[in-house]
Amino acid sequence: MGRKKEHLIPLEKSKKVIYLEKRGRKRRGMSVFAVIFGVLGLLCLLYCLIMGLFVNYGTRFFLVWGALGVFFGGIAFVLARRNLLERLPMWLKLGAVFIFAVGMLVFALVEGMILSRFSSDGQSGADYLIVLGAQWREDGPSYLLKKRLDQALEYLEENPQTQVIVSGGQGSNEPVSEAEGMYGYLVEAGIHPERILLEAESKSTRENLAFSGELLDRAGDRVVIVTNNFHVFRAVKIAEKLGYEQVEGLAAGSYPLSLPNNMLREFFGVLKDFAVGNL
């Protein structure tokens, strides 16, 4: 009889092989993240281009999307260059991850608060309606301001006892003050002039509400603030900080294509107002 073949028992993997396998998995993981950040960068750049070419927004804030595109592209470049990443000190990599994670958490929390007032409908029977101003152009209200005015008209028609305050000064690129333009729009739509009060000096949301508050009783009057959905949270919080005791929001619509831009801009607006004590 021939000798039986002995079963071959595989040797345990050497530490070097295990290290190389782990390193390969890490590289694949970094490649996935590089692709994700690369795609994010391209999307931000594309959105910036679309906003610049096709949306007459009135400000240059959309350029922030270009900066974000470059930022995400830079992250993708570093993640795709494993040798470059390995040369960075560990404290720098951990610090960058920590700052990014905290930033994303803050962003999610603030955007959640903004979204919490997205569908505010304003109860009927208010003493005053405050319509916050937005850009007034040579040919009339901007898209966002028209949304606010049309929402205000619907409320005023359903609540004939409610007075309305139109609030907004004149910007350098506006032919008249926003308050004057809104006044004419509402009168032309059938609202009696005696129901409309004008506040034509304000230049910011806080000034809108501070100056409008001088035309009513902040403690006793019920007030509904009309503004676009992404702006309701900040407007109501500022009003509460200014002493409005019975205040709520009435959300008007917004332009879907520019909504991401508006949401990002509002994020910075909330942070700014929180930092200076407006919220």
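Everything discussed here concerns the structure shown above.
Residues numbered from 1 in each chain as written. Predicted model: local features only at pLDDT ≥ 70, side-chain atom pairs only at ≥ 80, totals over all residues. Heavy atoms only, no water.

### Looking at the pairing of strand S5 (residues 196-199)
One face of the sheet, then the other: side chains in a regular strand alternate in exactly this way.
Inference 1: By the bridge criterion, 4 bridges tie strand S4 (residues 163-167) to S5 in an arrangement that is parallel. Bridging across to S5, valine 164 finds its partner in isoleucine 196.
Inference 2: Handedness of the crossover is the feature at issue here: the chain leaves S4, passes through helix H6 (residues 178-188), returns alongside S5, and the resulting connection is right-handed. (Pairing = 2+ DSSP bridges. Helix = DSSP H or I, 4+ residues; strand = E, 2+ residues; numbered from the N terminus. Right-handed = clockwise from strand over helix to strand, strands pointing away.)

### Some remarks on the pattern of salt bridges
Inference 1: By the definition in use, this model includes 6 salt bridges.
Inference 2: Between aspartate 150 and lysine 146 there is a salt bridge, and its shortest N-O distance comes to 2.9 Å. A residue pair is termed a helical-turn pair when its members lie 3 or 4 positions apart in one helix, as aspartate 150 and lysine 146 do in helix H5 (residues 143-158) at 4 residues.
Inference 3: You can call aspartate 150 partly exposed: its relative accessible area is 31%.
Inference 4: Close ionic contact of aspartate 273 with arginine 234 constitutes a salt bridge, the shortest N to O distance being 2.8 Å. In this pair, aspartate 273 sits in helix H9 (residues 259-275) while arginine 234 sits in helix H8 (residues 232-241), placing the two residues 39 residues apart along the sequence. The same class applies to aspartate 273 as to arginine 234, namely buried. (Salt bridge = Lys/Arg side-chain N within 4 Å of Asp/Glu carboxyl O. Buried < 20%, exposed > 50% of the residue type's maximum accessible area, 1.4 Å probe, protein only.)

### Side note on a nonpolar patch on the surface
Inference 1: On the surface, Val32, Phe33, Val35, Ile36, Val39, Leu40 and Leu43 cluster together into a nonpolar patch covering about 610 Å² of accessible area.
Inference 2: Relative to the helices and strands, leucine 43 is located in helix H1 (residues 15-54). (Patch = residues over 30% accessible without salt bridge, like charges linked within 9 Å, V, L, I, M, F, W, Y side chains within 5 Å. Areas by Shrake-Rupley, 256 points an atom, 1.4 Å probe, with all protein chains shown as cover.)

### Quick notes on the state of the cysteines
Inference 1: For the structure shown, the criterion picks out 0 disulfides.
Inference 2: Of all cysteine sulfurs, the one in cysteine 48 lies closest to cysteine 44, which takes part in no disulfide; the gap is 9.2 Å.
Inference 3: Residue classification places cysteine 44 among the buried residues on the basis of a relative accessible area of 7%. (Disulfide = S-S within 2.5 Å.)

### Brief notes about the nonpolar core
Inference 1: Counting 21 residues, the largest nonpolar core has Leu129, Val131, Leu149, Val164, Val166 and Leu186 as the members making the most contacts within it.
Inference 2: Elements with a minimum of two residues in this core: strand S1 (128-132), H5, S4, H6 and strand S6 (223-228).
Inference 3: Counting 18 residues, the second largest nonpolar core, distinct from the first, contains Tyr128, Leu209, Leu242 and Ala251. (Core = buried A, V, L, I, M, F, W, Y, C linked by side-chain atoms within 4.5 Å.)

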